[in-house]
Amino acid sequence: SQQGEEDPQALSIQEGENATMNCSYKTSINNLQWYRQNSGRGLVHLILIRSNEREKHSGRLRVTLDTSKKSSSLLITASRAADTASYFCATDLNQGGKLIFGQGTELSVKP
Amino acid sequence: ETGVTQTPRHLVMGMTNKKSLKCEQHLGHNAMYWYKQSAKKPLELMFVYNFKEQTENNSVPSRFSPECPNSSHLFLHLHTLQPEDSALYLCASSQTEPSNQPQHFGDGTRLSIL
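Residues numbered from 1 in each chain as written. Chains lettered and ligands numbered in written order. Predicted model: local features only at pLDDT ≥ 70, side-chain atom pairs only at ≥ 80, totals over all residues. Heavy atoms only, no water.

### A few points about the overall build of chain A
Inclusion rule: A run of H or I in DSSP counts as a helix once it spans at least four residues, and a run of E counts as a strand once it spans at least two, with each numbered from the N terminus. For the radius of gyration, the atoms used are the C-alpha atoms, and the globule rule reads 2.2 Å times the number of residues raised to 0.38. Only protein chains enter the accessibility calculation, which uses a 1.4 Å probe; a residue whose area is less than 20% of its type maximum is buried, one above 50% is exposed, and one in between is partly exposed. The contact rule is simple, with two residues in contact once any of their heavy atoms fall within 4.5 Å. Residue exposure ignores everything except the shown protein chains as possible cover, and the areas themselves are Shrake-Rupley values with a 1.4 Å probe. By the counting scheme adopted, Arg and Lys are positive, Glu and Asp are negative, and His together with the chain ends is not counted. Charge positions come from single atoms, namely NZ of Lys, CZ of Arg, CG of Asp or CD of Glu.
Helix and strand counts for chain A come out as zero helices and 11 strands. In chain A, the succession of helices and strands from N to C terminus is β-β-β-β-β-β-β-β-β-β-β. Against the 2.2 N^0.38 benchmark of 13 Å for 111 residues, chain A shows a C-alpha radius of gyration of 13 Å, consistent with a compact globule. Overall, the C-alpha framework of chain A stretches about 40 × 30 × 20 Å when taken along its three principal axes. Going through the 111 residues of chain A one by one, you find that 44% of them count as buried. In chain A, of all internal contacts separated by at least 6 residues, the share reaching a separation of at least 24 is 55%. Accessible surface, chain A as shown: approximately 5,200 Å² in total, 43% of it carbon and sulfur. If you average the places of the 13 positive and of the 11 negative side-chain charges in chain A, the two averages end up 4 Å apart.

Right, dumping it as structure tokens:
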């Protein structure tokens, strides 16, 4: 089974609503990262949270990390149609930069 | 722009062809990566190069042959591929020291095997 598993697999909301995506993992991590992928493009790094951090903010993004539950969440507040994309969590096991990605959450924000 | 450029963006090839994918990074990073992204599957790490040395080969079939001539360039040589190899191939780079650095991705090569 995978290191990172995300839910929901798909999420559809209206503009202005908040979107929450969750990620669970199995082994100890150095850090956990969230990435975004627009259709037909590469992944873009959003935010990195270290294993000794519990919460991090970047603009409309809020990430939490609970190492006791081996889980993380990404909250996008006041969503916009331009936030429509796939979002992936990735765990860094401190093995020379190697990341293990989850299957991702497809977010659709309707105007 | 992410600073990582992949060419070509699209490639259609027959199973008997030989082709190469190219990746170039302008970020001064020491590590480069090849990933395979298939529909409905997580990104699969294929190869990792650190200071031009291969540090990871994730049980990739020998019909995929990577080459890293220097820290800025990474190639993936393809020969006698199978239809299940059709996917988006993504290249990424990162700085591994100090740790806790993100990866920077190119826009990928969409590969279709006929």
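Read on for the rest.
### Quick look at the packing of aromatic side chains
We apply this condition: We call Phe, Tyr and Trp rings a pair once their centres come within 6.5 Å, taking the six-membered ring for Trp, and we label the pair stacked below 30 degrees between planes, edge-to-face above 60, and tilted otherwise.
One pass over the structure, following the stated rule, counts seven aromatic pairs over all chains. Consider the rings of Phe101 of chain A and Tyr35 of chain B, whose centres lie 5.6 Å apart with planes at 90°: the pair is edge-to-face. One end of the pair, Phe101 of chain A, is in strand β10 (residues 99-101); the other, Tyr35 of chain B, is in strand β4 (residues 31-37), on a second chain. By the burial criterion, Phe101 of chain A is buried, and Tyr35 of chain B matches it. Pairing Tyr35 of chain B with Phe105 of chain B gives two aromatic rings, centres 5.5 Å apart and planes at 35°, and the pair type is tilted. Note that Tyr35 of chain B is positioned in strand β4 and Phe105 of chain B in strand β10 (residues 104-105), a separation of 70 residues in sequence.

### Brief notes about the pattern of salt bridges
Residue and element names in this part refer to chain A. Spelled out, the test is: Any Lys or Arg side-chain nitrogen found within 4 Å of a carboxyl oxygen on Asp or Glu counts as a salt bridge.
Applying the stated criterion to the full structure yields seven salt bridges over all chains. Of the charged contacts, one joins Asp83 and Arg36 as a salt bridge, the two residues approaching to 4.0 Å between their closest N and O atoms. Residue Asp83 is located in the loop between β8 (71-76) and β9 (85-92), and its partner Arg36 is located in strand β4 (residues 31-37); the two are separated by 47 residues in the primary sequence. As far as the burial class goes, Asp83 and Arg36 line up, both buried. Here Arg62 makes a salt bridge to Glu55, at a shortest N to O gap of 3.2 Å.

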